[in-house]
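Chain and residue survey
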Amino acid sequence: MKYLKHLIFAAIMGSSANVYCHAQASLESIYPQIRDGFAELRKQVVREPDGFIKYPYLIPAGFYSQLWDWDAYFMANHFISKGQPEYMKNWVMTFSQGIDDDGYVAGCMTKDGPRNVYSGRFAMKPFLSQGAYHYGNATGDWEWLRPIYNDLKKVIDYRKQTQCDSTNGLYYWEIAMQSGADNIPTMNYFKEDTRSFISADATAFQYGELLAQAAIAEKLGYKEDAKAYTAEAKALKDALNSICWNDVDQCYYNVDRETGEQYRRIGYTTFVPLMYRMTPDDKAKQMIERYMLSPDHMKAPYGFRSLSKSDPDYNNKNIIVPFSNWQGPIWGICSYIYSIGLHNYGYDDEVKWMAETVGDLMVKDLKEYGTMHETYHAETGEPLAPSNFKYRTPDGKIQGFVSWNLTMENILEGLLNNNWMLLELPGM
């Protein structure tokens, strides 16, 4: 019997080893195709200075030709990983020059100036100080931030005045479209829906912003500011885990600001705190295993969904206008943010699975179209938006969606070369 047990154990281990080798082989075949394809696509996202935008800047390509806040933030970090950190500095400087006297800065910049939509309720997402920190950390250059340091503080103060709930100190989006997860049902997304939700993603991004500003203050010698921002970040983390965490359901929920009740819907926003290690280890494991890895919720045949399959609004419709579809389809940015959270808590095997599935979808796109899509059908892998490639490069090549899909290369480099782009911040 003992000998039989050894045989069974050896067979199991051999099978596991074979699966592991297969995964590695698959990643190794995907990686060079992504790397080489992205080398060409990176050229499509770079634009020369134009009008209000005084520095070379990054666009998503295809349908989108503007300088957007989080698209360019994640792309600029990708460019840092490629030895081109200047695009992050350019991004910070461009958005900094759009800050008004109150500290408001729009989430989109064009050659004609800031693009104010929704009556000025489309403020930039909380990434400005984080981008400034990542450039400084990559180059060792901090003094360029001294002239705009007070502007960065002003933006943080504006967000605190306009998007921080006075009763608990947690953050909300003035309108869900501001979050970038355009129509996600975990919060209000139609203009006629006047509800306001404390949001796990808004709070997590602001937590990162406070940690980044604390690190910048430390580098520039503003010790008291550094202490204050660090303390504020810690209080934000504690409040998130106190108010948004549900012990019974083992997850974060957004919270209706009027009623104080948790809004019990699971989607992309639920998992953003994992990116910043805001979740205690035991709770993170509960949430990941109960929801992220469940076929009934986030884990689909072709990657991790943007909305739980159990949500009544779950669908995989092909939508860009009037807003992109965050109600189910696979997104490159979700895949990247999920990968950081999973890696932070020791789930690299799950990151490998995701990189194989979503990476393969992107490789198929590169082979068939020479570009990529914005979203993919979670159940079939079918490429969704854009449904037709009407945009072309000057030399006539199809121009699809590039943007933060570039971060797939960073996920693969983390898995294969232990060269992760985790966007870590001091104090996380």
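Not measured: the values here are computed from a predicted model.

**So, the overall build of the protein**
Regarding its fold elements, the protein presents 12 helices and 14 strands. For the protein, the C-alpha radius of gyration of 21 Å lies close to 22 Å, the compact-globule estimate for 428 residues. Here the C-alpha coordinates of the protein stretch approximately 75 × 55 × 45 Å along the principal axes. Across the 428 residues in the protein, those meeting the buried criterion constitute 59%. Sequence-distant contacts, at least 24 apart, represent 68% of the contacts inside the protein between residues at least 6 apart.

**Quick look at the side chain of Asn-90**
Inspection of the secondary structure assignment puts Asn-90 in helix H3 (residues 86-96). Looking at Asn-90, the relative accessible area reads 12%, which means it is buried. Once residues lying within four places of it in the same chain are set aside, the contact partners of Asn-90 are Tyr-55 and Pro-56.

**What about the packing of helix H10 (residues 332-344) against helix H11 (residues 348-369)?**
Between H10 and H11, the least distance of the axes is 9 Å, while the angle of their chain directions is 165°. Considered as vectors, H10 and H11 are oriented roughly antiparallel to each other. Note on packing geometry: the crossing formed by H10 with H11 is left-handed. Across the interface between the two elements, Gly-332, Ser-335, Ser-339, Leu-342 and His-343 of H10 pack against Asp-348, Glu-350, Val-351, Met-354, Val-358 and Met-362 of H11. Looking at the contact of H10 with H11, its residues break down into five nonpolar, four polar and two charged.

**A few points about the pattern of salt bridges**
Going through the model one piece at a time under the given rule, you end up with 22 salt bridges. Between Asp-165 and Arg-257 there is a salt bridge, and its shortest N-O distance comes to 2.8 Å. Of this pair, Asp-165 sits in the loop between helix H5 (149-163) and strand S6 (197-198) while Arg-257 is found in the loop between strand S9 (254-256) and strand S10 (262-263), placing the two residues 92 residues apart along the sequence. We classify Arg-257 as partly exposed; its relative accessible area is 32%.

**Quick look at unusual backbone geometry**
The amide bond that connects Ala-385 to the next residue, Pro-386, takes the cis arrangement and shows omega of -5°. Take Pro-386: it is sitting in the loop between strand S14 (375-376) and helix H12 (407-417). We note that Gln-250 has phi near 60°; this positive angle belongs to a residue other than glycine. Along the polypeptide, Gln-250 turns up in the loop between strand S7 (245-246) and strand S8 (251-252). Positive phi is not limited to glycine here, since Arg-277 has a value of about 55°. Along the chain, Arg-277 falls in the loop between helix H8 (268-275) and helix H9 (281-292).

**Section: the packing of helix H6 (residues 200-220) against H8**
Direction vectors running N to C along H6 and H8 enclose 20°, while the axes themselves pass 7 Å from each other. Comparing their axes, H8 and H6 come out roughly parallel. At the point where H6 passes H8, the crossing takes the left-handed sense. The segment H6 lies against H8, with Ala-200, Asp-201, Ala-204 and Phe-205 engaging Tyr-268, Thr-269, Val-272, Pro-273 and Met-275. Here the contact of H6 with H8 is built from residues that sort into seven nonpolar, one polar and one charged.

**Describing H12**
Taken across its 11 residues, H12 has nine buried, putting it largely inside the fold. The complete set of buried residues in H12 reads Thr-407, Met-408, Glu-409, Asn-410, Ile-411, Leu-412, Glu-413, Gly-414 and Leu-415. Positive phi appears at Asn-418, one or two residues downstream of H12, with a value of about 55°.

**Some details on the environment of Gly-221**
With respect to the element layout, Gly-221 can be found in the loop between H6 and helix H7 (223-243). Looking at Gly-221, the relative accessible area reads 43%, which means it is partly exposed. Measuring from C-alpha to C-alpha, the distance between Gly-221 and Gly-381 comes to 51 Å, with 160 residues separating the pair along the chain.

**Structural notes on H3**
Counting buried residues along H3, eight of its 11 residues qualify, which places the element largely inside the surrounding structure. Considered for burial, the residues of H3 that qualify are Tyr-87, Met-88, Asn-90, Trp-91, Val-92, Thr-94, Phe-95 and Ser-96. Looking at the buried side of H3, the elements it contacts are strand S1 (46-47), strand S2 (57-58), strand S3 (67-68), helix H2 (69-81), strand S4 (108-110) and helix H4 (128-139).

**Focus on the sheet that holds S9**
On the basis of which strands lie adjacent, the open sheet formed by three strands has the order S6-S9-S10 and antiparallel pairing. Either end of the sheet is taken by a strand with one partner, and the two such strands are S6 and S10. Where S9 and S10 come together, two bridges link them in antiparallel fashion. From the neighbouring strand, Val-255 faces S10, where its bridge partner is Gln-262.

**Considerations on the environment of Asp-102**
In this structure, Asp-102 sits in the loop between H3 and S4. Taking C-alpha positions, Asp-102 is 6.6 Å from Tyr-158, a pair spaced 56 residues apart along the chain. Not counting residues up to four positions away in its chain, the partners in contact with Asp-102 are Lys-154 and Tyr-158.

**Considerations on the nonpolar core**
Core analysis: the largest hydrophobic core is formed by 140 residues, its most contacted members being Phe-74, Trp-91, Tyr-268, Tyr-276 and Met-408. Ranked by the residues each element gives to this core, the list is headed by H6, at 13 residues. Apart from residues no more than four positions distant in its own chain, Tyr-276 is found in contact with Phe-127, Gln-130, Ala-204, Phe-205, Tyr-207, Gly-208, Leu-425 and Met-428.

Thresholds, definitions, all that
Residues numbered from 1 in each chain as written. Predicted model: local features only at pLDDT ≥ 70, side-chain atom pairs only at ≥ 80, totals over all residues. Heavy atoms only, no water. Helix = DSSP H or I, 4+ residues; strand = E, 2+ residues; numbered from the N terminus. Rg over C-alpha atoms; globule rule 2.2 N^0.38 Å. Buried < 20%, exposed > 50% of the residue type's maximum accessible area, 1.4 Å probe, protein only. Contact = heavy atoms within 4.5 Å. Axes fitted to C-alpha atoms, helices over the stretch in contact; angles between N-to-C directions. Parallel < 35°, antiparallel > 145°, perpendicular 65-115°, else oblique. Left-handed = near helix turned anticlockwise from the far one by under 90°. Nonpolar A, V, L, I, M, F, W, Y, C, P; charged D, E, K, R; others polar. Salt bridge = Lys/Arg side-chain N within 4 Å of Asp/Glu carboxyl O. Pairing = 2+ DSSP bridges. Core = buried A, V, L, I, M, F, W, Y, C linked by side-chain atoms within 4.5 Å.

These figures come from the coordinates and say nothing about function on their own.
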